[in-house]
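Below, each chain spelled out in residue letters.
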Amino acid sequence: MNYKVFTLCSLLTVAACLSSCRTEQKSQTKEISVKTYECKSYSLAKIITYSGKVKANSQANVAFRISGPVVNIPVNVGDHVKKGDLLAQMDDRDYKIQLSATQAEYDGIKAQADRVIELYRRGSANQSDYEKATYGLQQITAKLNAHRNSLNDTRLTAPFNSVVEKIHYRSGETVGAGYPVISLISSDVPVIEVAVPQHIKDNIDNIEDISAMVGGECYTMKIRNCSEKVNLNQLYQLDLVFDSKGTQTSAEYPSVGLAANIKFTLNASKTKNVYIPVSALFTDSKGESCVWILEDDTVRLRHITISQIQKNDLAVVVSGLQSGDVIVSAGVSYLHPGQKVKPIAQSSETNIGNIL
């Protein structure tokens, strides 16, 4: 009797488990209602202004290749120098003595080597003597050239046409090899440096005009280059050059170091960015930004690139989505690829992001 009761209880338990599994499986395949959002184009302002700074086209910190006391610095801060002009002179006494001794050594070795080489050509010297003579001549020649270079390196000259920006040493001071002695800035036409956010970098091709206001003068500018790496402020460095074809109010270029007000004029109609609510974003296992895009009531994973998050909880997407795409805007962490969902009617245009 007890055996029959136990068997009956076991059958009831198994049936309950099977029923529970079917219920759970049914719940997993059940459609989930989700909020959706239709992506809209993000139009940049037609005119955007940033602050920049005038800087030298090129600059350099020049230094001696050798060590020694400085005996003469014939330039002053602000002087204009040409390529090859003397900037500083180091005491060359020891280097002249060194070169003189090496020159005498070279003359002796060369005369001896020449005799051995001539005897070898006549067949009066063996191969070993010939090789020793040529090897010794090569060694002393290299030593002589090195000491000539050292003497020449006692003169520090300008590498390009420039202006003396700063002098780090004075006459009488001893300087080590490689330590900057004088800082130079190019005397050529300067450039303007400005830091811009991601969405400006991504829309460089849509910039129609760039102007810079410096010291009350307006200049027409062109983009020379843009960095591919952000700075500490998460901005990209943009270098602008003066457009000689543009209409300018002054023939003089602004001085290095002055502040500049840069105005970018964009063709907003060509921008392809879209904006979406932040609630639609999530990251995959690799930390990349993703959204669930809705196709035939089925969600698909889509990787995207974001340029900025705005104060109204909207994210600007620069790649991966286009205007008109429908995405899931809430509950994204509960979905999986290929899952069937039931879209909830979207809110009105005044309820951006379906927050209400």
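One structure accompanies this document, and this report is about it. Note that this is a predicted model, so its numbers are computed, not measured. (Residues numbered from 1 in each chain as written. Predicted model: local features only at pLDDT ≥ 70, side-chain atom pairs only at ≥ 80, totals over all residues. Heavy atoms only, no water.)

A few words on the overall build of the protein chain. In terms of helices and strands, the protein chain carries 4 helices and 24 strands. When burial is assessed residue by residue, the protein chain has 35% of its 356 residues classed as buried. Considering only intrachain contacts with a sequence separation of at least 6, the fraction spanning at least 24 residues in the protein chain is 74%. By element, 50% of the accessible surface of the protein chain is carried by carbon and sulfur atoms, the whole surface being about 21600 Å². (Helix = DSSP H or I, 4+ residues; strand = E, 2+ residues; numbered from the N terminus. Buried < 20%, exposed > 50% of the residue type's maximum accessible area, 1.4 Å probe, protein only. Contact = heavy atoms within 4.5 Å. Areas by Shrake-Rupley, 256 points an atom, 1.4 Å probe, with all protein chains shown as cover.)

So, about the environment of Tyr219. Topologically, Tyr219 is positioned in strand E14 (residues 217-226). Tyr219 sits 22 residues away from Val241 along the chain, and the two C-alpha atoms are 9.8 Å apart.

The subject of this paragraph is the packing of helix H2 (residues 93-122) against helix H3 (residues 127-152). Axis angle and axis distance: for two packed helices, these are the angle between their axes and the distance between the axes, and together they describe the pair. Contact geometry for H2 and H3: axes closest at 8 Å, N-to-C directions at 160°. Of the possible angle classes, the one that applies to H2 and H3 is roughly antiparallel. The hand of the H2/H3 crossing is left-handed. Looking at the contact of H2 with H3 residue by residue, the class counts come to 14 nonpolar, 9 polar and 6 charged. (Axes fitted to C-alpha atoms, helices over the stretch in contact; angles between N-to-C directions. Parallel < 35°, antiparallel > 145°, perpendicular 65-115°, else oblique. Left-handed = near helix turned anticlockwise from the far one by under 90°. Nonpolar A, V, L, I, M, F, W, Y, C, P; charged D, E, K, R; others polar.)

Take the pattern of salt bridges next. A side chain with one charge may pair with a side chain of the opposite charge, provided their charged atoms come close. A full pass over the atoms with the stated rule returns 10 salt bridges. We note a salt bridge from Asp239 to Arg224, for which the minimum N-O separation is 3.5 Å. In this pair, Asp239 sits in strand E15 (residues 236-242) while Arg224 sits in strand E14, placing the two residues 15 residues apart along the sequence. Classification of Asp239 as buried rests on a relative accessible area of 5%. (Salt bridge = Lys/Arg side-chain N within 4 Å of Asp/Glu carboxyl O.)

Moving on: H2. Taking 1.5 Å as the rise per residue, H2 with 30 residues should run 44 Å; its terminal C-alpha atoms sit 44 Å apart, in good agreement. Looking only at H2, the buried set comprises Tyr95, Leu99, Thr102, Tyr106, Ala113, Val116 and Ile117. On the buried face of H2, the contacting elements are H3. Just downstream of H2 lies Gly123, where phi reads positive at about 85°. (Expected span 1.5 Å × (residues − 1).)

Judged by pairing direction, the sheet is antiparallel, and its 4 strands sit side by side in the order E8-E7-E5-E10 without closing on themselves. On the outer flanks of this sheet lie strand E8 (155-157) and strand E10 (174-175), each paired with one strand and no other. (Pairing = 2+ DSSP bridges.)

Attention shifts here to the sheet that holds strand E9 (residues 162-167). Each strand in a sheet pairs with another by means of backbone hydrogen bonds, the pair being arranged parallel or else antiparallel. As summarised here, the arrangement of the 4 strands in space is E4-E11-E9-E6, forming an open sheet in which the pairing is antiparallel. Edge positions in the sheet fall to strand E4 (59-63) and strand E6 (80-81), since each of these pairs with one other strand and no more. As paired strands, E9 and strand E11 (residues 180-186) are joined by 5 bridges and run antiparallel to one another. Following the sheet pairing, Ser162 is matched in E11 by Ser186.

Turning our eyes to something else, we now look at the packing of aromatic side chains. One pass over the full model with this rule turns up 5 aromatic pairs. With a centroid separation of 4.2 Å and an interplanar angle of 20°, the aromatic rings of Tyr120 and Tyr130 are classed as stacked. Within this pair, whereas Tyr120 is found in helix H2, its partner Tyr130 is found in helix H3, the two being separated by 10 residues in sequence. Between Phe242 and Tyr253, the ring centres sit 5.0 Å apart and the planes meet at 65°, which makes this aromatic pair edge-to-face. Residue Phe242 is located in strand E15, and its partner Tyr253 is located in the loop between E15 and strand E16 (259-266); the two are separated by 11 residues in the primary sequence. You can call Tyr253 partly exposed: its relative accessible area is 33%. Aromatic rings pair up to connect Tyr219, Phe242 and Tyr253 into one cluster. (Phe/Tyr/Trp six-rings, centres within 6.5 Å; stacked < 30°, edge-to-face > 60°.)

The next subject is the pairing of strand E3 (residues 47-55). The two faces of E3 differ: Ile48, Tyr50, Gly52 and Val54 on one face are buried, but Ile47, Thr49, Ser51, Lys53 and Lys55 on the other face are not. Bridge count between E3 and E16: 7 bridges; the pairing is antiparallel. In the sheet register, Gly52 faces E16, and the bridge partner there is Ala260. Pairing analysis gives 4 bridges linking E3 to strand E12 (residues 191-196), with the strands arranged antiparallel. Looking at E12, one finds that Val54 is bridged to Ile192.

Moving on: unusual backbone geometry. The phi dihedral of Gln234 is positive, around 60°, even though this residue is not glycine. If you trace the backbone, Gln234 turns up in the loop between E14 and E15. The backbone phi angle of Asp297 is positive, close to 60°, even though this residue is not glycine. Structurally, Asp297 is set in the loop between strand E19 (289-295) and strand E20 (298-303). Owing to a relative accessible area of 38%, Asp297 belongs among the partly exposed residues under this scheme.

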